[in-house]
Amino acid sequence: MKKYGLYIDGKWTPSGSRETFDVLDPATREVVGAAAEATPEDVKRAVDAAHRAFPGWASRPAKERSAILHNWYRLMLDHLDELAEGMTREQGKPLREARGEVQYAADFVQWYGEEAKRVYGETIPASFTDKRIWVLRQPVGVVAAITPWNFPAAMITRKIAPALAAGCTVVIKPAEQTPLTACRLVELMEEAGFPPGVVNLVTGSRPEPIGDALLQDPRVRKLTFTGSTEVGKILMKKAADTVKRVSLELGGHAPFLVFEDADLEAAAAEVAASKFRNAGQTCVCTNRIYVHESVAEAFTEALVRRVEAMKVGYGLEEGVDIGPLIDEQAVLKSERHVRDAVEKGARIAIGGSRCRLSGKLEKGTFFQPTVLVQVTDEMLVQREETFGPVAPVQTFRTEEEAIARANNTSYGLAAYLFTRDLSRAVRVMERLEYGIVGVNDGLPSVAQAPFGGFKESGIGREGGRHGMEEFLEAKYVSVKLV
Ligand SMILES: NC(=O)c1ccc[n+]([C@@H]2O[C@H](COP(=O)([O-])OP(=O)(O)OC[C@H]3O[C@@H](n4cnc5c(N)ncnc54)[C@H](O)[C@@H]3O)[C@@H](O)[C@H]2O)c1
Ligand SMILES: O=C[C@H](O)CS(=O)(=O)O
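- Per an unreviewed UniProt entry, the protein chain goes by the name Aldehyde dehydrogenase and belongs to Planifilum fulgidum.
- UniProt, in the comment section headed Sequence similarities (unreviewed entry), describes the protein chain in these words: "Belongs to the aldehyde dehydrogenase family."

Structural data, given as structure tokens:
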């Protein structure tokens, strides 16, 4: 069982309080490791280190920053199996998904290792012959990165790879449920050659005092947060006190529209992939399924067949499709959504209850993959992010109705539509109020594309060219020839 300290100024150190907290396997509730309980004073030490290291890292040749990022990329791939197993033990996702996440996380490091060398400035024609206009692109400074538990590796690299590539220094605060993956990633960063103070890691089971210490420090010039919309709003308000730049990747409530001309088997496959990835615990999971009334029965049968074939169990076991939810609160939320729906008239086509497994898994927080039919908009599952393996199916009659109902939410992260009619695909994807739209594709997320939401799903983009912009300032230089 691994016990980690904090990583500050290039050294692993215990917290000032010497306190630690245990990390539990959600499938067995066994202790799989421990991490340090950072104090506000520890956070200040981390910001001190990042602030001290910033000038040197920012002025380091981009080619050198790129090479160190590439070292980290290679080390992540060399340790892919170990990172994936550790992730399954602390987060619960099936090993196959964990391996996929480590690769996805490494893809961001590779992409931004390349982008580090492409931070271009510009010259602009001046209005006077004795003047010149230059625009420099400079790193924003010390970055605080606060990340969620559902993708313990990718949500870290998707933030700090572009930050480091741009020349920023970082202080990472991972989720209390999954600090061990973050610690292991930082060990590999140390091995990759990141200088002391460039990367700092503070962990804790009580996030608010750590967050407050980061947000109140004027030397932290950027907050990049991934998590719930509720917490994102809190942090955005606190960041305003020192006018920090913010990137917010928040909650989602994705609609999936299945039109009458869709390939129903293919649509069912993409809905299942989108809905049940990480046991429904992703921000871009399908949360609402709207099927044209003429094909609803056939589609639902195809979806139920796929769910019937899913195996619930321990993520390290071969062939498991659905691992545990992160904790008891998550199971209670799925139970609440199913109970509310049934009380308001929905029917359970398959699943609907928590799974009680035996042996070492008897304490695990498992929930059956579930399909609900006869769903209506009044149900909680149609308005709240379930973050669990519950798939509610509704019908629609017209394209207009489908678009209006899909957009009827304060969220705007991901949306999906299935049709073989190109004109319809263009009409609908242009009118969906979402930052990410999958057309016949339930799994759009890749490192080279901009990921982010409209409305209360967030601010800013992560991934691709856009992801670098979040960590760069444009400096306008006016030169008068004298
Ligand atoms: N848009 C995206 O890219 C994306 C990706 C993953 C998860 N999410 C969203 O995140 C949520 C699930 O993740 P979660 O449960 O970890 O979210 P959460 O908001 O509870 O926690 C996210 C992070 O914020 C920290 N935190 C919580 N309260 C804080 C406070 N008061 N001050 C400082 N830090 C605080 C947590 O410790 C954690 O590190 C879902 O809503 C999901 O949609 C969004
Ligand atoms: O849950 C949030 C992640 O951003 C999902 S994805 O792996 O990027 O699609």
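## Examining the site of ligand 2
Part 1: Inspection of the region around ligand 2 gives Tyr104, Asn150, Phe151, Met155, Arg158, Arg277, Thr282, Cys283, Val284, Ser445 and Phe451 as its neighbouring residues.
Part 2: Residue Arg277 places a side-chain N or O atom 2.6 Å away from an oxygen atom belonging to ligand 2.
Part 3: Burial of ligand 2 by the protein chains amounts to 99% of its free accessible area of 280 Å².
Part 4: Judged by the fraction of its atoms near the pocket grid, ligand 2 is located in the second largest pocket.
Part 5: Of the residues contributing to the shell around ligand 2, the split by class is six nonpolar, three polar and two charged.
Part 6: Split by domain, the shell around ligand 2 shows at least three residues from each of two domains, domain 1 (6-250 + 457-480) and domain 2 (254-439).

## Here's the deal with the layout of surface pockets
Part 1: Estimates place the volume of the largest pocket at around 1200 Å³.
Part 2: Lining the largest pocket we find 42 residues, and of these Trp149, Gly227, Ser228, Glu230 and Val231 sit closest to its centre.
Part 3: Those elements that provide at least two residues to the lining of the largest pocket are α5 (154-166), α7 (207-216), β11 (220-226), α8 (229-240) and α11 (328-343).
Part 4: The leading source of residues in the lining of the largest pocket is α8, at six residues.
Part 5: Residue composition of the lining of the largest pocket, by class: 17 nonpolar, 12 polar and 13 charged.
Part 6: Among the domains, domain 1 (6-250 + 457-480) and domain 2 (254-439) are the pair contributing at least three residues each to the lining of the largest pocket.
Part 7: Each pocket or cavity is described by its volume, and for the second largest pocket that value is around 550 Å³.
Part 8: Along the wall of the second largest pocket there are 25 residues; nearest its centre are Arg96, Glu97, Ala273, Arg277 and Leu443.
Part 9: Residue assignment for the lining of the second largest pocket shows that the elements contributing at least two residues are α4 (95-115), α5 and α9 (264-276).
Part 10: Looking at the lining of the second largest pocket, you find at least three residues from each of domain 1 (6-250 + 457-480) and domain 2 (254-439).

## Things to note about the packing of helix α3 (residues 80-91) against α4
Part 1: The geometry of α3 relative to α4 is characterised by a closest axis approach of 8 Å and an angle of 125° between their N-to-C directions. For the element pair α3 / α4, the angle class is oblique. Taken as a pair, α3 and α4 cross one another with a handedness that is right-handed. Within the contact between the two elements, α3 uses Leu80, Asp81, Leu83, Ala84, Glu85, Met87 and Thr88 and α4 uses Leu95, Ala98, Arg99, Glu101, Val102 and Gln103.
Part 2: Taken together, the residues that form the contact of α3 with α4 break down as seven nonpolar, two polar and four charged.

## What to know about the nonpolar core
Part 1: With 61 residues, the main nonpolar core has Trp72, Met76, Ile160, Leu164, Phe194 and Val199 as its most contacted residues.
Part 2: Broken down by element, the residue count for this core peaks at nine residues, all from α5.
Part 3: The contact partners of Val199, leaving out residues within four places of it in the chain, are Tyr7, Leu164, Val170, Ile172, Val186, Met189 and Phe194.
Part 4: Counting residues in hydrophobic clusters, the runner-up holds 57 residues, among them Val307, Val338, Val390 and Val393.

## Looking at the UniProt feature "domain: Aldehyde dehydrogenase" (unreviewed entry) in the protein chain
Part 1: Per the UniProt annotation, the sites labelled "domain: Aldehyde dehydrogenase" (unreviewed entry) are residues 12-477.
Part 2: Summarising residues 12-477: 40% helix, 21% strand, and an end-to-end C-alpha distance of 41 Å.

## Some details on the pairing of strand β20 (residues 414-418)
Part 1: Across the five residues of β20, five count as buried, placing the element largely inside the fold.
Part 2: Residues Ala414, Tyr416 and Phe418 line one face of β20 and the alternating positions Ala415 and Leu417 line the opposite face, and both faces are buried.
Part 3: Of the pairings in the sheet, the one linking strand β13 (residues 254-258) to β20 comprises three bridges and is parallel in character. Pairing of Val258 across the sheet is with Phe418, part of β20.
Part 4: As judged from the four bridges shared by β20 and strand β21 (residues 436-439), these two strands associate in the parallel manner. Considered in β21, the bridge of Ala415 is made with Val437.
Part 5: Tracing the backbone out of β20, into helix α13 (residues 422-431) and back to the parallel element β21 gives a crossover that is right-handed.

## Focus: the site of ligand 1
Part 1: Inspection of the region around ligand 1 gives 29 residues, with Thr147, Arg158, Lys173, Glu176 and Glu385 positioned closest.
Part 2: Thr147 places a main-chain nitrogen or oxygen 2.6 Å from an oxygen atom of ligand 1.
Part 3: Between ligand 1 and the protein, one listed contact pairs an oxygen atom with a side-chain N or O atom of Ser228 at 2.7 Å.
Part 4: Considered on its own, ligand 1 offers 840 Å² of accessible surface; in the complex 90% of this is hidden by protein.
Part 5: Of all the elements in the fold, those that place two or more residues in the shell around ligand 1 are α5, α7, β11 and α8.
Part 6: Among the residues forming the shell around ligand 1, the class breakdown is 15 nonpolar, eight polar and six charged.
Part 7: Residue-level mapping places the shell around ligand 1 at the junction of two domains, with at least three residues from each of domain 1 (6-250 + 457-480) and domain 2 (254-439).

## Digging into unusual backbone geometry
Part 1: Unusually for a residue other than glycine, Asp9 sits at a positive phi of about 55°.
Part 2: Among the residues examined, Asp9 registers a relative accessible area of 24% and is labelled partly exposed.
Part 3: Of note, the phi angle at Arg29 is positive, near 65°, even though the residue is not glycine.
Part 4: Taking relative accessible area as the criterion, Arg29 reaches 28% and is therefore assigned partly exposed.

## Describing the packing of α3 against helix α6 (residues 179-192)
Part 1: Two elements in contact, α3 and α6, have axes separated by 8 Å at closest approach and are oriented at 160°. Between α3 and α6, the angle falls in the class roughly antiparallel. Counting all contacts with α3, which are made through Glu82, Leu83, Gly86, Met87 and Glu90, the residues of α6 involved are Pro179, Leu180, Thr181, Arg184, Leu185 and Leu188.

## What about α5?
Part 1: In this model, α5 (13 residues) spans 18 Å end to end at C-alpha, consistent with the 18 Å of a helix rising 1.5 Å per residue.
Part 2: In terms of burial, α5 is largely enclosed, as 13 of its 13 residues are buried.

Rules used in this analysis
Residues numbered from 1 in each chain as written. Chains lettered and ligands numbered in written order. Predicted model: local features only at pLDDT ≥ 70, side-chain atom pairs only at ≥ 80, totals over all residues. Heavy atoms only, no water. UniProt positions renumbered as here; feature names shortened; annotations may be inferred. Near = heavy atom within 4 Å. Polar contact = N/O pair within 3.5 Å; in protein donor to acceptor, adjacent residues only side chain to side chain. Areas by Shrake-Rupley, 256 points an atom, 1.4 Å probe, with all protein chains shown as cover. 1 Å grid on protein atoms, 1.4 Å probe; cavity = no way out; pocket = protein on both sides within 12 Å on 5 of 7 lines; lining within 4 Å. Sits in = over half its atoms within 2 Å of the grid points. Nonpolar A, V, L, I, M, F, W, Y, C, P; charged D, E, K, R; others polar. Domains from an automatic or database assignment. Points joined across faces, edges and corners; volume = space filled by probe spheres on them. Helix = DSSP H or I, 4+ residues; strand = E, 2+ residues; numbered from the N terminus. Axes fitted to C-alpha atoms, helices over the stretch in contact; angles between N-to-C directions. Parallel < 35°, antiparallel > 145°, perpendicular 65-115°, else oblique. Left-handed = near helix turned anticlockwise from the far one by under 90°. Contact = heavy atoms within 4.5 Å. Core = buried A, V, L, I, M, F, W, Y, C linked by side-chain atoms within 4.5 Å. Buried < 20%, exposed > 50% of the residue type's maximum accessible area, 1.4 Å probe, protein only. Pairing = 2+ DSSP bridges. Right-handed = clockwise from strand over helix to strand, strands pointing away. Expected span 1.5 Å × (residues − 1).

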